[in-house]
Amino acid sequence: MSSFRRIDRPSPNHGPRAADARVELLILHYTGMPSAAHALDRLCDPASQVSAHYTVDEDGTVYAHVPEDRRAWHAGRSSWRGAGDVNGRSIGVEIVNPGHEFGYRPFPPVQMAAVAELCRGIVARHAIAPADVLGHSDVAPDRKEDPGELFDWPGLAAQGVGIWPTPSQADDGPVADADVAALLGRYGYDPAGPRALLAFQRHFHPGTLTGAADAGTVRSLRALLRLTGR
Ligand SMILES: [Zn+2]
C-alpha cells in the first residue's frame with residue numbers, strides 16, 4: 001500500500017522494450033518546468049514525444065504515466081557502463097521542481113518521502129543495484145543537470161535507494177596519481193565528455209561544483225568504487 005496519493009495519468013509516449021531487455025537502471029529527473037501542471041501536460045502530450053513512468057509532485061502525489069514493462073521516453077541520448085539506450089533498460093521518474101532554468105529550489109521532505117517509497121518498490125521489483133540508481137545528468141552529463149545538486153541523494157540512500165559514499169582512510173591518495181577519467185569510466189560514466197566529473201560532483205560531492213579533480217571529489221569516487229567493487 002502506498003502512503004501517498006496515486007493518480008493514473010496515462011501518457012501515449014512509450015513503446016515496447018526489446019525482448020531481451022532487462023530493467024537495470026533507475027533514472028531520476030526533475031521536471032524543469034514552471035509548474036507541475038505544465039510538466040504533466042507535456043509528459044502526456046503525443047506531440048512532445050517525451051514521457052516517464054512516474055511523476056512525483058511537491059506534495060508527494062504520484063502520477064503514473066507508463067507501465068513499467070514499457071519503454072518510456074525520458075533519457076534521450078545517454079549512456080551508462082558503456083552502453084546506450086538507457087530508455088530501453090530503465091525506469092524513469094520525474095520529480096517536480098522548476099529546475100535551474102525556472103527557479104531551482106530544495107525538494108520538500110514530503111516529496112522526498114514519496115520518491116523514496118516509490119523508488120524502493122521499483123528497485124525491489126527489478127533488482128536494480130544501488131550503484132545503478134542515477135540522475136539524468138549521470139547518463140547525459142554534457143546535456144543535462146537534473147535532478148541537480150539540491151537533490152537529497154544521501155537521504156535517499158539512507159532510506160534504501162541508491163548509494164552514498166562514505167570515504168575512509170582506504171580512499172586517501174594523492175590526487176595527482178588518480179587517473180580520474182579512468183576511475184569515472186570504471187564506475188559507469190562516459191568519461192569522454194568534458195562534463196563527466198561535474199556530473200559526478202552534482203550527484204556525489206555537491207559542495208564542489210568545479211568540474212575539477214580536488215582531493216574530496218577523488219576520495220568520494222575512490223570510496224564508491226571500493227564500496228561497489230567496480
Ligand atoms: Zn531529465
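Whatever comes next refers back to the structure up there.
> Just give me the short version of the state of the cysteines, but keep the residues and values in it.
This model, assessed by the stated rule, comprises 0 disulfides. Between Cys44, a free cysteine, and Cys119, which holds the nearest cysteine sulfur, the sulfur-to-sulfur gap is 18 Å. Residue classification places Cys44 among the buried residues on the basis of a relative accessible area of 14%. For Cys119, a relative accessible area of 0% puts it in the buried group.

> Got a sec to walk through the nonpolar core? Specific residues and values, please.
Most often, soluble globular proteins have nonpolar side chains that are buried together. Judged by nonpolar contacts, the single largest core of 28 residues is most densely connected at Leu26, Leu28, Val93, Phe151 and Leu156. No other element matches helix α3 (residues 109–126), which puts 8 residues into this core. When sequence neighbours within four positions are dropped, the list of residues in contact with Leu28 reads Val93, Ile95, Cys119, Val133, Leu134, Gly135, His136, Asp146, Pro147, Phe151, Trp153 and Leu156. Formed by 24 residues, the second largest nonpolar core is a distinct cluster that contains Val86, Val139, Leu197 and Leu221.

> Lay out the coordination of the zinc ion in plain terms, naming residues and giving numbers.
In a perfect tetrahedron of four donors around a metal, the angles come out at 109.5 degrees. In a perfect octahedron of six, they are 90 or 180 degrees. Every protein donor of the zinc ion is accounted for by His29 (ND1), His136 (ND1) and Asp146 (OD), and the metal-donor separations fall at 2.1 to 2.2 Å. Coordination of the zinc ion draws on donor residues from a single chain, spaced H-x106-H-x9-D in sequence. Within this pair, whereas His29 is found in strand β3 (residues 25–30), its partner Asp146 is found in the loop between α4 (136–139) and α5 (153–158), the two being separated by 117 residues in sequence. The buried category is assigned to His29, whose relative accessible area is 1%. Here Asp146 falls in the buried class, since its relative accessible area comes to 5%.

About the thresholds
- Residues numbered from 1 in each chain as written.
- Predicted model: local features only at pLDDT ≥ 70, side-chain atom pairs only at ≥ 80, totals over all residues.
- Heavy atoms only, no water.
- Disulfide = S-S within 2.5 Å.
- Buried < 20%, exposed > 50% of the residue type's maximum accessible area, 1.4 Å probe, protein only.
- Core = buried A, V, L, I, M, F, W, Y, C linked by side-chain atoms within 4.5 Å.
- Helix = DSSP H or I, 4+ residues; strand = E, 2+ residues; numbered from the N terminus.
- Contact = heavy atoms within 4.5 Å.
- Donors = N, O, S within 2.8 Å, 3.2 Å for Na, K, Ca; no water.

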